[in-house]
Every structure is written in structure tokens, then in C-alpha cells.
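# Close look at the chain arrangement
Below, each chain spelled out in residue letters.
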Amino acid sequence: RYRPQGPAVEMDCASGFLFEPLPALAEGDVDLVITSDPQALKGVDYVPLFNYEMRIAMANDHPLRRRDWLEPRDLTDQTVITYPVERRRLDIFQHFLDPADIEPAAVRTSELTMMMVQLVANGRGVCALPDWVLAEYIDQGLVSALPAGRDGIRPTLYAAVRSAQRDDPFLRDFLTLARE
């Protein structure tokens, strides 16, 4: 939907976890970063896009599936599958396990969401992903998912932009579409 509004804007997605997107933004190497982990950087603004629910995905035959929601202690005997980033940047630790001082049995990493979901579907662990990411996998019957806690956890997704470019038309148009 964005292409007709910005036909001359070059778009690329970088998803490798060795790439440090926020420093690249501050240095002018990229124009926008989507993140749920705002960090104080001079000259960088965080524009809220939308809230999402972090859900914990598990195999369809997982014993925890019978619950209405999960508590941190439910993961003490589980392998938690995450992206290979610092623990403090992961919603499942920052908002769920660490505040309860709970450690999972193990942590396993995968760079690809699809691989995380396949590992979960094959009973190799559980993972926490946004509801909008999990929706297609749940619809396909690959995994099930439950809220983290009775009230769920709903972080905010932000667009990080350089302060000096925040009102540039190409960014403003992209931000409007992203919120929709």
C-alpha cells in the first residue's frame, strides 16, 4: 500500500540479529527501525505504532494448552525458544519471567520466526511472539497460544526515526500506514 505514495523511496528489510539497527539509525545508515525496545539515543524519536499482545506458543498437544493463561512458574520446566538477542530485549523475560524471578529449564535460540514455530510445533519448547505474528500459524493449526498472565502482556511497537527527519513526508506517510 505504501509503494504508490512513495514510488521513489527505496525499501529494504534487515532482519539479521548481528545487525544493530538503532545505532545504524542514529548514524544515518537506515531511516526507520521498528522496535518494541526503545533505547535512549540522542537524536532518535520513538513514535508509537500500536500495542500487541505477547502470547506464548506451544505444541497443540502440550499439557499447558488446557489452561486459560500461563503464569511464570508454568515455564520452570520448559525450554523457551527466543531470538538470539540480549535477554533484556525479550518481552518474555522483561515483562513476564524476570519480574517473577523465574528461570525456564533452558533457553534455545533461533534467528527465524518460522524455525521457532516449527520447533514449538514439534514439542521442542515454547516461544513468546506477538499475537499478530502467531495468528497465521494458529490459523494453519501449527501451534496453540495462551496469554502470559491473567491480564496478558501488551507492549507497544514503535517506529524509531531520527528527530530531524520525523516530519519528512515519506516517513510520515509510512507511519500513517503502519498504524492502520
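As a reminder, the structure under discussion sits directly above these lines.
Owing to the predicted nature of the structure, the values given are computational and were not obtained by experimental measurement.

What helix α4 (residues 131–139) keeps buried is the set Val133, Leu134 and Tyr137. Projected down its long axis, α4 carries its buried residues within an arc of 85°, all on one side. Turning to α4, the residues buried within the fold contact β3 (54–58), α3 (113–121), β6 (126–130) and β7 (144–147).

This brings us to the sheet that holds strand β2 (residues 44–51). Pairing within the open sheet is antiparallel, and its three strands lie in the order β1-β8-β2. Single-partner strands in this sheet number two, and they are β1 (32–35) and β2. Between one strand axis and the next, the sheet turns by 25° as a mean value, whatever way the strands run. In terms of strand pairing, β1 meets strand β8 (residues 156–162) through four bridges, oriented antiparallel. Across the sheet, Thr35 pairs through a bridge with Tyr158, a residue of β8. The strands that helix α5 (residues 169–179) touches are β1, β2 and β8; relative to β2, the one it contacts most, it runs at about 25°.

This brings us to the pairing of strand β4 (residues 79–82). Where β4 meets strand β5 (residues 106–109), four bridges bridge the pair, whose relative direction is parallel. What sits directly across from Thr79, in β5, is Ala106. Taken together, β4, helix α2 (residues 91–97) and β5 constitute a β-α-β crossover, and its handedness is right-handed. As judged from the two bridges shared by β4 and β6, these two strands associate in the parallel manner. The residue of β6 that forms the bridge with Ile81 is Cys127.

We now examine the nonpolar core. Ranked by internal contacts, the top residues of the largest apolar core, which has 18 residues, are Met54, Ile56, Leu70, Leu75, Ile92, Phe96 and Leu97. The element contributing the most residues to this core is α2, with four residues. Filtering out sequence-adjacent residues up to four positions away, Ile92 remains in contact with Met54, Ile56, Leu75, Val80, Leu97 and Ala128. Counting 14 residues, the second-largest nonpolar core is a separate cluster that includes Ile81, Val120, Leu129 and Val133.

So, how was this worked out
Within any chain, residue numbers begin from 1 and follow the written order of that chain's sequence. With the structure being a predicted model, the display of local features is reserved for residues of pLDDT at least 70 and the display and counting of side-chain atom pairs for 80 or more, all residues being used for whole-chain, interface and lining totals. Based on all heavy atoms of the structure, the side-chain values leave hydrogens and waters out of the count. Remark: exposure states derive from per-residue accessible area (1.4 Å probe, protein chains only) relative to the maximum for the residue type, with buried under 20%, exposed over 50%, and partly exposed in between. Secondary structure is summarised from DSSP: a helix means a run of H or I of at least four residues, a strand means a run of E of at least two, and numbering begins at the N terminus for each. The arc under discussion is defined with respect to the helix axis, by the directions toward the C-beta atoms. Any pair of residues with heavy atoms lying within 4.5 Å of one another is described as a contacting pair. Pairing between two strands requires that DSSP report at least two bridges joining them. Angular values range over 0 to 180 degrees, each being the angle between N-to-C directions of two axes fitted as lines to C-alpha atoms, with helices fitted over their stretch in contact. With its strands directed away from the observer, a crossover is right-handed exactly when the path from the first strand over the helix to the second travels clockwise. What is meant by a nonpolar core is a set of buried Ala, Val, Leu, Ile, Met, Phe, Trp, Tyr and Cys residues, joined one to another through side-chain atoms within 4.5 Å.

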